[in-house]
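These are the residues of each chain, in order.
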Amino acid sequence: MLIKLKSGLNSLDVDVPEGTTVGQILSNANYAAVLNFDTSNVEGLIGGAKANTDTVLYTGDTLLIQKLAHSKAA
């Protein structure tokens, strides 16, 4: 199934197996290298809403990958 991955100005159309989860995409070192993101410090959004790592992706989904916000110590 085809999905689109976006990170910053970079985007990539990929063919992934049915049942692929957001977590599998976010932890994939190959996607991280191509789209220039750090697998340990990102979250995924689908349709503007934060997606859990166990969220299953479907054909035509666009997964926006963005850095996690840093919180300052009080």
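> Hey, could you go over the nonpolar core for me, with residue numbers and the actual values?
Among the nonpolar cores identified, the biggest contains 17 residues, and Leu-5, Ile-25 and Ile-65 are the most heavily contacted of them. When residues of this core are traced back to their parent elements, those giving at least two are strand E1 (2-7), helix H1 (22-26), helix H2 (29-35) and strand E5 (62-67). When near neighbours in sequence (up to four residues on either side) are disregarded, Ile-65 contacts Leu-5, Lys-6, Ser-7, Gly-8, Ile-25, Leu-26, Leu-35, Phe-37, Val-42 and Glu-43.

> Talk me through the sheet that holds E5; I want residue IDs and the actual numbers.
Read from one edge of the open sheet, 5 strands run E2-E1-E5-E3-E4, paired in mixed fashion. Either end of the sheet is taken by a strand with one partner, and the two such strands are strand E2 (10-15) and strand E4 (49-51). Going across the sheet, the axis of each strand differs from the next one's by a mean of 35°, ignoring polarity. Direction of pairing for E1 relative to E2: antiparallel, over a ladder of 6 bridges. Within E2, the position partnered with Lys-4 by the bridge is Asp-13.

Reading the values: the criteria
Residues numbered from 1 in each chain as written. Predicted model: local features only at pLDDT ≥ 70, side-chain atom pairs only at ≥ 80, totals over all residues. Heavy atoms only, no water. Core = buried A, V, L, I, M, F, W, Y, C linked by side-chain atoms within 4.5 Å. Buried < 20%, exposed > 50% of the residue type's maximum accessible area, 1.4 Å probe, protein only. Helix = DSSP H or I, 4+ residues; strand = E, 2+ residues; numbered from the N terminus. Contact = heavy atoms within 4.5 Å. Pairing = 2+ DSSP bridges. Axes fitted to C-alpha atoms, helices over the stretch in contact; angles between N-to-C directions.

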